[in-house]
Amino acid sequence: MAKKSLGKIKGLSVYFLPYSEIKDLDSSERIKKILNIVLGNSILVLQGRLAPEEETRLIEDTMAMIGHVKNFKGIELAVISGSESDGFFDRLKRNLLSAIAGSDLTSITIIGAASIVKEIKKNPKKIELFLKGF
Amino acid sequence: MGLRSFFKRFFSGIFKKKKELKLGFYGPPNAGKTSLANRICKDFTGEEIGTVSKIPHETRKVQFKEKVEIEYKGKKMTFKIVDTPGIATKIDYEDFLKFRLNKKEAKERAKEATQGVVEAIKWLDDMDLVVVVLDATQNPYNQVNITIIGNLVARKIPVLIVANKIDLRKANVKKIEAAFPEYKVVGISARFGKNMDEFYEEIFKLAKKV
């Protein structure tokens, strides 16, 4: 068995953002809030997920910041849905619930600055964060 | 129905059928979007659309070829082929240094690549149908893939997923099919022109959905 090591973890900050904190914000404000957290070198764990159009807007704003914000090279992003392997009726039920709640709250979105998070590997049931310098 | 409205519908029907459909190629960098667009353009126009390279972000501007008439099994359809820069969430100029680019060239490439990503996203709204090109040797659960497909679904744009590079030993088309069970996935090798018949057949099926 391979020898396990926790490595040296120094000052890793994880910021949990409940959906209620962005629920009443418009798309621009949501993305601004998310990028502010990420630029503060925290790994953001967001309850729920952004709409597809917001995800592309997040990518566009990220691209606009590369080269303008010192040492900023972009973000790593992953969304895990608690119900990706559900059948049709489960998805229908979830979509109805999402429509009422305003977001798919069974999902979790993880976002980190690329200068901290080297890679996020996602499989349907597992998510792995590979950090820089470890 | 009035006579005027009848003629309007009749003629718009004719022109709709003759319309050139905008066929976009989207995906992450280095998946083979330009290789596939080149293969199609070469097959039907004799000319390529752009250059390909092992260095990521070779395509940094949207490039297109108009009036590409694809003929398959006696059927003909005219497309505007739109090849887009790879969409990424991060671009680090230092990654380009590994490919023997100097610092200045790498920084310039990174700057153009960030602009290319924004341009590719802006073009999404103009597409009639889209081929999402994925590298069959890579993990399909990359969020960029999911974001692109999610945006196409939100815009009601028909999607075909291509699992490219099936000529490579590591290629796993089944993994891509498992990741996107609601979509048709066609495994091809754009480089060697493998399985292009199935690809063209699916393109014609997709065009009917527009």
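See above for the structure.
Just so it is clear, the structure is predicted and the values come from calculations on it, not from any experiment.

1. Regarding the overall build of chain B
And step 1. Assigned secondary structure in chain B consists of seven helices and six strands.
And step 2. Starting at the N terminus and ending at the C terminus, chain B contains elements arranged as α-β-α-β-β-α-α-β-α-β-α-β-α.
And step 3. Its C-alpha atoms give chain B a radius of gyration of 18 Å, near enough to 17 Å, the size a compact globule of 210 residues would have.
And step 4. Principal-axis analysis of the C-alpha atoms places the extent of chain B at approximately 65 × 35 × 35 Å.
And step 5. Considering only contacts within chain B whose residues lie at least 6 apart along the sequence, 71% involve residues at least 24 apart.
And step 6. Accessible surface, chain B: about 11300 Å² in total, of which carbon and sulfur atoms supply 50%.
And step 7. A distance of 3 Å separates the average location of the 42 positive side-chain charges in chain B from that of its 27 negative side-chain charges.

2. Describing the interface of chain A and chain B
It is common to report an interface's size as the accessible area lost on association of the parts.
And step 1. Listed by partner, the interface residues are 24 residues for chain A and 22 residues for chain B.
And step 2. Across the chain A/chain B interface, buried area totals approximately 2100 Å², and carbon plus sulfur atoms make up 57% of it.
And step 3. It is Glu60, Met63 and Lys73 of chain A that lose the most area in chain A upon contact with chain B, and together they represent 29% of the buried surface on that side.
And step 4. Linking chain A with chain B are three salt bridges, by the criterion used here.
And step 5. In this structure, Glu76 of chain A engages Lys90 of chain B in a salt bridge whose closest nitrogen and oxygen atoms are separated by 2.7 Å.
And step 6. On inspection of chain A and its partner chain B, the count reaches 10 residue pairs in polar contact (both at pLDDT 80 or more).
And step 7. Every element with two or more residues in the side of chain A that touches chain B is listed here: helix H2 (52-65), strand S3 (75-81) and strand S5 (117-123) of chain A.
And step 8. In terms of residue count, H2 of chain A provides more of the side of chain A that touches chain B than any other element does, eight residues in total.
And step 9. Its residues placed into classes, the side of chain A that touches chain B shows 10 nonpolar, four polar and 10 charged.

3. With respect to the packing of helix H2 (residues 33-45) of chain B against helix H7 (residues 196-208) of chain B
Residues and elements named next belong to chain B.
And step 1. One way to put it is that H2 packs onto H7 with a least axis distance of 13 Å and a crossing angle of 90 degrees. It follows that H2 is roughly perpendicular to H7 by the angle criterion. Contacts between H2 and H7 involve Leu36, Arg39, Ile40, Asp43 and Phe44 on the former and, on the latter, Met196, Phe199 and Tyr200.
And step 2. Taken together, the residues of the contact of H2 with H7 sort by class into six nonpolar, no polar and two charged.

4. Notes on the nonpolar core
And step 1. One finds Leu58 of chain A together with Tyr26, Ile87 and Ile91 of chain B to be the most contacted residues of the largest nonpolar core, which totals 57 residues.
And step 2. Broken down by element, the residue count for this core peaks at seven residues, all from helix H4 (residues 103-123) of chain B.
And step 3. Formed by 29 residues, the second largest nonpolar core is a distinct cluster that contains Ile40, Ile49, Val162 and Met196 of chain B.

5. Description of the sheet that holds strand S4 (residues 107-113) of chain A
Sheet strands line up and pair through hydrogen bonds in the backbone, either parallel or antiparallel.
Residue and element names in this part refer to chain A.
And step 1. Read from one edge of the open sheet, four strands run S1-S2-S4-S3, paired in mixed fashion. Two strands lie at the open edges of the sheet, namely strand S1 (13-17) and S3, each paired on one side alone. Taken pair by pair, the neighbouring strands of this sheet meet at an average axis angle of 15 degrees, ignoring direction.
And step 2. Pairing analysis gives seven bridges linking S3 to S4, with the strands arranged antiparallel. Looking across to S4, one finds that Glu76 is bridged to Gly112.

Cut-offs applied
- Residues numbered from 1 in each chain as written.
- Chains lettered and ligands numbered in written order.
- Predicted model: local features only at pLDDT ≥ 70, side-chain atom pairs only at ≥ 80, totals over all residues.
- Heavy atoms only, no water.
- Helix = DSSP H or I, 4+ residues; strand = E, 2+ residues; numbered from the N terminus.
- Rg over C-alpha atoms; globule rule 2.2 N^0.38 Å.
- Contact = heavy atoms within 4.5 Å.
- Areas by Shrake-Rupley, 256 points an atom, 1.4 Å probe, with all protein chains shown as cover.
- Lys, Arg positive; Asp, Glu negative; His and termini not counted.
- Charge placed at Lys NZ, Arg CZ, Asp CG, Glu CD.
- Buried area = accessible area lost by both parts, 1.4 Å probe.
- Salt bridge = Lys/Arg side-chain N within 4 Å of Asp/Glu carboxyl O.
- Polar contact = N/O pair within 3.5 Å; in protein donor to acceptor, adjacent residues only side chain to side chain.
- Nonpolar A, V, L, I, M, F, W, Y, C, P; charged D, E, K, R; others polar.
- Axes fitted to C-alpha atoms, helices over the stretch in contact; angles between N-to-C directions.
- Parallel < 35°, antiparallel > 145°, perpendicular 65-115°, else oblique.
- Core = buried A, V, L, I, M, F, W, Y, C linked by side-chain atoms within 4.5 Å.
- Buried < 20%, exposed > 50% of the residue type's maximum accessible area, 1.4 Å probe, protein only.
- Pairing = 2+ DSSP bridges.

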